[in-house]
Structure formats: structure tokens, C-alpha cells
Amino acid sequence: MKKYLLIISAVFSLLTTKAGNQNIANLISSSDWETLFPNRNALYSYSAFTQAVDELSDYQVKYENPGSWGLKVTVTRKSTSATHSYNITSANWPGDAVTVDFENFCNTGNDKNDRRELSAFFSNITKETTGGTTDVFSGQDNSHSKWGLYFLKEVNPWSSYVASSTDYPGASGKTYEGRGPIQLSWNYNYGRLSDFLYGDKSILLNNPDELSTNGITSFKSAIWFWMTPQCPKPSCHQVMQEIHDESAVSYSQTKMSKKGFLHTINIINGAVECRNTSLVAKVQLRADLYSYFMDKLGFSVSERTAENTGDYSTLCVEGSSVMTDYSECAFRDVVINSCSSPALGSDKSLSNGSASLDANITLQSGESIAWYKDGQLISGATITTYTATEAGTYKAVVTGTDCSKEDQIIISAEGSGGGCLEASATNDGIFCGSGGEGGPETTTVTITGGGGTYNLYDVPTGGEVIKSGSQFTFDYTNMNQGESVTYYVEEPAGTVYTVGATGRWTTDPDTKDGWLRPDEVEFGSNPGLSYLDNRIVFTIDQDLTLESIDFDLAFVGDGHDHQLVVEIYPKGQLTGLVASKTIDLDGVSFSQWDQVIYTAPLGLELPAGQYSLDLSKTTAFIQVGQYSSAQVGTFPFLDWGEQGIIAFDGAESRENPQWGLFTNYTTGAYNWKFSTAGGSSSCERTPFTITNECTTGLNDITSQNIEVFPNPAQDLLNISLKGIELNGAIIEMYNQVGQIVLTKSISSSTSAARINTNDLTEGVYFIKVTSGNNSYNSNVVITK
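Let us look at the structure shown here. Just so you know, these numbers come straight off a predicted model, no measurement behind them. (Residues numbered from 1 in each chain as written. Predicted model: local features only at pLDDT ≥ 70, side-chain atom pairs only at ≥ 80, totals over all residues. Heavy atoms only, no water.)

So, on to the overall build of the chain. Along the chain, the regular secondary structure elements total 12 helices and 44 strands. Burial status across the chain gives 52% buried among its 784 residues. A separation threshold of at least 6 residues defines the contact pool for the chain, and within that pool the share at least 24 residues apart is 70%. (Helix = DSSP H or I, 4+ residues; strand = E, 2+ residues; numbered from the N terminus. Buried < 20%, exposed > 50% of the residue type's maximum accessible area, 1.4 Å probe, protein only. Contact = heavy atoms within 4.5 Å.)

Within the secondary structure, D32 sits in helix 2 (residues 30-36). A distance of 3.1 Å separates the side chain of D32 from the side chain of S29, its partner in a polar contact. (Polar contact = N/O pair within 3.5 Å; in protein donor to acceptor, adjacent residues only side chain to side chain.)

Right, let's get into the sheet that holds strand 1 (residues 59-64). By way of backbone hydrogen bonds, the strands of a sheet pair with one another, either parallel or antiparallel. The strand order 3-2-1-4 describes an open sheet built from 4 strands, whose pairing is antiparallel. One side of each edge strand has no neighbouring strand; the edge strands of this open sheet are strand 3 (83-88) and strand 4 (98-101). Strand-to-strand, the axes of this sheet are offset by a mean angle of 15°, without reference to chain direction. Bridge count for strand 1 against strand 4 is 4 bridges, and the pairing is antiparallel. If you follow Y63 over to strand 4, its bridge partner there is V98. With respect to the sheet, helix 5 (residues 187-198) is in contact with strand 1, strand 2 (71-77) and strand 3, its orientation differing from that of strand 3 by roughly 160°. (Pairing = 2+ DSSP bridges. Axes fitted to C-alpha atoms, helices over the stretch in contact; angles between N-to-C directions.)

Before going further, it helps to spend a moment on the pattern of salt bridges. All chains considered together, the criterion is met by 24 salt bridges. Note that K373 and D374 form a salt bridge whose closest N and O atoms lie 3.0 Å from each other. Relative accessible area serves as the criterion here: at 46%, D374 is assigned to the partly exposed category. A salt bridge links K373 to E390; the shortest N-O distance between them is 3.7 Å. Highlighted residues: K373 in strand 9 (residues 368-373) and E390 in the loop between strand 11 (385-388) and strand 12 (392-400), separated in sequence by 17 residues. Taking the relative accessible area as the measure of exposure, K373 reaches 21% and is therefore partly exposed. (Salt bridge = Lys/Arg side-chain N within 4 Å of Asp/Glu carboxyl O.)

Attention shifts here to the environment of T770. On the secondary structure map, T770 appears in strand 43 (residues 763-771). Exposure remark for T770: the relative accessible area of 23% places this residue in the partly exposed category. Sequence-wise, T770 and E732 are 38 residues apart; in three dimensions their C-alpha atoms are separated by 8.2 Å.

Bringing the packing of helix 4 (residues 111-129) against helix 8 (residues 215-227) into the picture now. For the pair helix 4 and helix 8, interaxial distance at closest approach is 12 Å and the crossing angle is 125°. Considering the angle they form, helix 4 stands oblique to helix 8. Handedness of the helix 4/helix 8 crossing: right-handed. On helix 8, the residues that touch E117, A120, F121 and N124 of helix 4 are A222, I223, W226 and M227. A per-class count over the contact of helix 4 with helix 8 returns 6 nonpolar, 1 polar and 1 charged. (Parallel < 35°, antiparallel > 145°, perpendicular 65-115°, else oblique. Left-handed = near helix turned anticlockwise from the far one by under 90°. Nonpolar A, V, L, I, M, F, W, Y, C, P; charged D, E, K, R; others polar.)

The next subject is the state of the cysteines. Note on terminology: a disulfide is the covalent bond linking the sulfur atoms of two cysteines. Applying the stated criterion across every chain yields a total of 2 disulfides. With a sulfur-sulfur separation of 2.3 Å, C274 is cross-linked through a disulfide to C316. Residues C274 and C316 are joined by a disulfide whose S-S torsion is about -95°; by sign, that bridge is left-handed. In this pair, C274 sits in helix 10 (residues 262-274) while C316 sits in the loop between helix 12 (301-306) and strand 5 (317-318), placing the two residues 42 residues apart along the sequence. By relative accessible area, C274 is classed as buried at 0%. For C316, a relative accessible area of 0% translates into the label buried. (Disulfide = S-S within 2.5 Å.)

Looking at the secondary structure, you find A25 in helix 1 (residues 23-27). Linking A25 and T50, residues 25 residues apart in sequence, is a C-alpha distance of 7.9 Å.

With 91 residues, the main nonpolar core has F49, F102, F105, F122, F196, I223 and W226 as its most contacted residues. If you look at the next biggest cluster of nonpolar residues, it comprises 31 residues, including I540, A600, L613 and F648. (Core = buried A, V, L, I, M, F, W, Y, C linked by side-chain atoms within 4.5 Å.)

Moving on to the packing of helix 10 against helix 11 (residues 280-296). At a closest axis distance of 11 Å, the pairing of helix 10 and helix 11 adopts a crossing angle of 165°. Here helix 10 lies roughly antiparallel to helix 11, going by the angle between them. Of the two possible hands of crossing, helix 10 and helix 11 adopt the one that is right-handed. For the pair helix 10 and helix 11, contact is made by I265, I268, N269 and E273 and by K282, V283 and R286, respectively. Among the residues forming the contact of helix 10 with helix 11, the class breakdown is 3 nonpolar, 1 polar and 3 charged.

Keep in mind that these numbers describe shape and distance, not what the molecule does.
What follows is the structure in C-alpha cells.
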């Protein structure tokens, strides 16, 4: 993983945030996410995280005193100016009003604090959800650092987490144990989050499992808790961005006047971990994870050490020194200066010796810009445009007061490309392979920036062309649910046609569509191989390049140089060589008829016409297909070719072409590749990512319709259905990587279903009931 990736992702990274908080994509890419959380639950995807960040960036919230005891919260959607307010009587806000812009999550313009904040966020959600068992820095596969975002819900909760609350009473039969990345607990937190998101406290109070079945809502719950001050407690965001003023209050414990990560522990789990000297190991685990993620986000050893030096600390408990409750609201008003963000666009190649770069910004008062090539400052480049004359990695850095933003672009040598194609996908490249209401069942990628026809690959170099065109549609046949796949597109030098025989060899002389082994043909003693006295005749209707042909080869005896000689003559003529290629085979590694295909690169440019391919000068055995006239067989020449472009006509005698065409005899060249042009594409392969992920929407979950019990379950699981049209309904169970492990049809004569879980392993499973156009979702923990 690249440490501290401060790069605006290329336009082909389709699963990043689209607006609002662009800095998250700068700090961590989708590939970094996979590296940091290799054992994560499928629900905790990079796309779910970035979409949650993006959607919450539209929220601006004001916290103030309503005029007497209590807290008034006003939520504004910046994109529409729509607002909704609610009062909380169980909390009080005695100080000045504070406005929190959720777009500032790890995105204040203070680069160092943005990375510190994201490191702190990752460390705490990893601690809350880890499935690891060994030390963070143990290097073992089961270390806590490698098992973050594993659990969706609290394992074996000690209570139902239902507290008496006038504002947010728990719903009947519901429990509010920890769910999601930050393991949000207690009915009053679910109610406040629901008020914040929907203006309706009952939605999540009635449906708490939304946080453990919807990845986007799950991450929203964590970010909401992280960004929300709960007076007198500051928010985790405020302490990591240092806009909480510890010095404003006199504390008897020195720990309270410290800055840094220790405050996030005190805010999230203070009563349990920051007052209890017997839980030092848990505090140390959070601190170790913080140091681990700081390292991954590019902090030096000295910078990580500074987090436990002087005024800073990562431990809320050290020996007998502990933290206490906060005594009053003490929020410092800090002006966050967000710099202009340069946007250099997609990578490109030099054209006529240069490439024009544009940061696409207007510098504001106090801002400056600098350009770098391969990490070195370009002297004198101080305006928002720059002309590159050499290949390399270029970076534009905008600096303002207490902020810095940058973007980079790769300029390739002329003609070598470097991603000059653009890929755009419907629904950001995400589809729902299970159908239903989890999202569209397909996503379509449109490629632009070239001639209009492109080849699709699943590897960055080499490989076989999957399909060609300007649009590519993906569905459940391309990948499993919960899986992401990176594809690559490339503009070919020209249209490529692959034609040839349908089979290989056979030892059965009656087989009419295979290859006859050469050792069953009587060759004689001629090193020139008499069986090659026949030529293959083909017709091309336009100018083409014969790029290559394939063979299975074996050497000829001893004492001979081993060469493959390909000559092209006009049909029916013994002279007038049109094109030829000789390939030395001595350096080619193969065994006698090892069924390993050798590709002979040719690159022979041929004008439209009818030709004979002659291999008679070859000094190696070439696999041959042959039908004798006695067998009255015909070789399927008419199946070879491309209608109106290439046609294979048969074989002719090299010495006596006047005998005409043979349709029962051919030599063994097969898999011929022709192209409409020579050379290579001017654009290198361009990547894009497609994800099969079904994100259950809020409206799909209705607790009055589906109940799962017991939960956890061991041997039998009951699913009770209320008010659902049962005729034709289907129950599906998915494991944590999105694979279907069980499907059951529901009879119209019952309102409940019983499922035997003996064959299921321990873990969390997702349940989806589909009835008509509606789907209902829940989950269950299987224990053994």
C-alpha cells in the first residue's frame, strides 16, 4: 500500500466520493482499503464508506440552547437548504451555539490533522470490530491490525442496552447493542441518529438492525458519533482537529489537560476504559492501533512518538493516572481555511513534444501554487498552468494559511499513452447481483477518448480480450455478490480478427474436425518435410496485417537448424513472393508434441487479394490436419474466417497449383490473427472497478414484517412473516462475503418458516425475503 496517498484519484477510480468531501479519496484509495482491512465483512466496503462520507458532507448541524434547559438541534441540507429541528430534553447546551459541518470530516485543510483524525477514526473502529487475537505489531495473520471491520454487531452483549428515556424510549422487543463500525449502543443514541438522518426518531428505534445490514447507514452511524459534540463532551473530530480547548477548564487530573488521541477513548468509552485501571490492555490496544494507522498514512517515527510527548498522549489510563468526565462545554472557535483543490484530470501522453497541464482553479487571497516533476520543485512555475515537455509524474500543490491541497498526473512519452481513455459507469460501477431492491441489477461502463472501439481485459498487461466495443455491461455472471473486480480497457491498434480451426489433434482417422498427429503421417527422409508441399489458400477483402499464427512444434532429427519459415505467394503462383518471415526456433523451449502452442509473430502487411501460405522451407515438424481422399472427408474451411473480411478456401499443391483446391487436406497453422492496422495503441490500458454489492435501502427493512428467532441460533432458525404476500416468496441466506448459502421457497399456506442450520458454520448471516417487488432483510448470528 502506498503510504499517505495525497493524490486525486484518476477519473477511472469510480468508487470514490463524487462531491463534498474529496479529501477522503486523497487520503485512502480503494486498494489501500483492501490492504488495511483484508478480513473485513463484505458490508464494510470502500464504496459504502466513501458514499457515507459523501452523503453526510451535505449535512450542517447547529447545536444551541433552546432558551431554557435542553438542546436544540437544527439540521440543514446544504444542497437544498432544507432544514429540520428537534429538541432533546435529556441533554443541555449551556454555552454558545456551535455549528458542525460534516464535510469537514478529515477534510479541514490542515493536512497533518486530517491524517491524524483519519488514523484515530480507523484505530477506534478497528478496536470496536476486530476479529484479531494477537498484538497489533506482531506481524501475524491474526493480529488486531489485520482484522478490523470484522464484526457487524456486538458479540454476546451483556444487556439489551435499553435505558429509560423520555426523548427516545426503546421500541417494544428491540435491543440496542453495539452495531456498526463504532458499535453504536443504547436506544437514546439510535433515536438521536435517526432524528439527525431522517427527522424521525422512530425509524431506527424500530429498526436498529439497519446499522448492521446497510453498509452506508452503518458508516453514517460511526461518522455521526465521531462528529457530534455531546456537551459537555466534545466530539472526536474536535479533539483531533484541536478545536476543543482543554485549557479552558481546570481539571484536578493532569490527563484531562493533555491533547490528542486519549480524548477519543474518553469520548467513546470513557466510563469503561478511562476510569478503570484494570483495563489498561484495552487502552493500549487502541493506542497501538493509532500508531499503526499513523504509520500507514505516512507519519514518521518521530511524528508518531510526538503523540505521546509533552502536551500529547494516546493513553487515557497510565498507572494510577486516569481521565474523568468533562465538566463543561469548552469549544474553541477555530476558522478552518480550506484551500482551493487543484484538479489536473486524467493521465495523458506527450503530443508533438508537449502536454498542457491546468490546475483548473483560481488562486484565492493568500494562496500560492507550486509545480513538481518526479518529486522535484520546478523553479519558476508559480501559475495555475504548466507545459510539460518530458514524461514524468507532475504535481500541483496549492498552499494557503494552515492548509495545503494537491493533485498529480502522469505524463507518458509520446505515443505510449498512460490512461488517455476515460471510463464512466452507471451507478458509480455498483450493481446488485441478487436483483430486488438492493440496487440496479446491471451497471454499464462507457469508454471515450479514442476511436470508439475498445478491448476489455481483466489483467493490466497481456491476457485475452474478453470483449470489444464502446460499452460494457456487467451483472451477476461477472462476479460474486460482495466482490469487486478491476477491469482494463485498451484501444487496439486496429480491429483484431482471430480465425482458425475448431479443434486440435486426434489419433482417430475418422475424426473430421481434429488434428492428425504428425508422427502418424509418412514424412519420408526429406528435411524439408514433404507433407508441407501443400499450401493453405485464403482470401482477404481489405488491406490487413497478418499479426501471428499458432503451431504445435517438434524438432526435426539431428544436425539441422530449427527454423519456422512462413512465405506468402499469390494463389496459384510458384513465384512472386509477397511477404515472408523466418523465425529461429533453437531458443524456443518445447518438448515433442507437448500440446504447448507456440505463437509465431509475423507482422506481414498484405493488400486485399487471394494468397497461398507456404511452410515448405520450415525445418521443424509442424502439427498437421489431414483427411485422405479415401475417407471422403472435408476440412471445415468454410467455418474459418470473418464474413466479408477473411475467408479460408482450402489447400493447393505447392508444385502443381493447377490441380486446384483440396478441401480434405491442410497443414497445421491455426489461430491466425489479422488486424486492420499495424503498430500499437497510443493509450495504455485504463483501469476501472466494478462492484457487485447489494445495499439494502431503509424502505426495504420493515421489522413488523419479518422476525428472526432465536438470535443467536444453533440448530434451528425460525423466520416469522407478517403481512407479506407469501405466494412465490423466496428466503435467501448470505454469508459474510455475499455468497448464497441457502434458498427456500415459502408456501402460501404458512406465515413462518423453519430452517435447519446444522450445516452452517459459525458467523453472521444475512437473510433476505423477496415477495413480488418487495424485499425484507434481517440478519442472524449462528453459534455452535
